[in-house]
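Understanding the architecture of this molecule
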Amino acid sequence: MATNSREKLRKTLAKGMLSHPFFFSSFWGHAFKSKTDQLFNWVRADVKDLSDKCRALNNCGNDIYRYQEAREDFIAKFFGDFLTYLNVDKGAAIRKQILSQFQDFIDNHPEDKEITIVSHSLGTLVLWDLLFAKDLPENDPANEFRKFFNSNGLKLSGLVTMGSPLLFMRLRQPIDFSAVDDFAEKSNEALTWLNIIHASDLIAYPLGNAIKHDKAKNFLFTDQFLWMHANGAESGALRFGNGHAGMALGMADAHGGYWSNDVRRFDGITSERRLRPYEKSSHRLAKL
């Protein structure tokens, strides 16, 4: 979790005379980096080869193959990460790594019994698999992860998903939100789920009506829309009626900016379904 997000949360809790949580961040991004770097090393070499073969194209690599930075920093890495995680072996390896990191965190804080998990982007799919997916083999690390809450005395009091593509992923995977009901019933604890969607984030989807369709009823769910521009460039483009340019200029910052947005300065629109009484307190925050 970004440092400024932690500090804002601490200050908010302090104003309410609430205890500060312990923070834990799981890191597994390096599992993707080598493949993405290799891919773009090949791309750059191909562009250079073409430029070297044609004198008229010398030093024109950025024009021969445009928007290379955007392709590498957002489009390819985002979708590349998804494709890598969806590989059966790679996905299981990432879940195993998170399980190990989480176990270390639990061992170091045995006195605390409540946890809230905050996830972003691909992390929301990893979160779903760790807690709710029903199509994983018996030896998958996710089944060990769930035991923390089913038999080890931990309470999962809240979920926060940001920039989540879970709705879109239903096209490929059997994501049924009634599985959250099953989890809540097994743990016998009230659960809240906040799903945050930036207005300009092309990856993020609201989930309220999908959850209603799946007849999930044993937890409190809220879609929170961040009604704001991602940056000044997007705002300027939209002011002049150029929607396509605004989309292109804002989508990366919108998707990547959840950790740094100042929640006191945007207009939030909430769509809420009260499904069950819930508790607001939590003592641990884990980030996926």
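Note: the structure precedes this text.
These notes cover the structure that comes with them. (Residues numbered from 1 in each chain as written. Predicted model: local features only at pLDDT ≥ 70, side-chain atom pairs only at ≥ 80, totals over all residues. Heavy atoms only, no water.)

Quick look at the pattern of salt bridges now. Applying the stated criterion to the full structure yields six salt bridges. For the salt bridge of Asp129 with Arg95, the shortest nitrogen-to-oxygen distance reads 3.6 Å. A residue pair is termed long-range when its members are at least 10 positions apart, and Asp129 in helix α6 (residues 122–131) and Arg95 in helix α5 (residues 88–108) qualify at 34 residues. With relative accessibility at 5%, the residue Asp129 sits in the buried group. Taking the shortest distance from any N to any O, the salt bridge between Lys134 and Asp182 comes out at 2.5 Å. Highlighted residues: Lys134 in the loop between α6 and α7 (141–150) and Asp182 in helix α9 (residues 178–187), separated in sequence by 48 residues. In this structure Lys134 comes out as exposed when scored by relative accessible area, which is 61%. (Salt bridge = Lys/Arg side-chain N within 4 Å of Asp/Glu carboxyl O. Helix = DSSP H or I, 4+ residues; strand = E, 2+ residues; numbered from the N terminus. Buried < 20%, exposed > 50% of the residue type's maximum accessible area, 1.4 Å probe, protein only.)

As a further point, take the packing of aromatic side chains. Counted under the stated rule, the structure contains 13 aromatic pairs. For the ring pair Phe102 and Phe148, a centre distance of 5.0 Å and an interplane angle of 80° mean the geometry is edge-to-face. In this pair, Phe102 sits in helix α5 while Phe148 sits in helix α7, placing the two residues 46 residues apart along the sequence. Taking 5.4 Å as the distance between ring centres and 75° as the angle between the ring planes, the aromatic pair formed by Trp128 and Phe177 counts as edge-to-face. (Phe/Tyr/Trp six-rings, centres within 6.5 Å; stacked < 30°, edge-to-face > 60°.)

The values reported here are purely geometric and, on their own, carry no functional implication.
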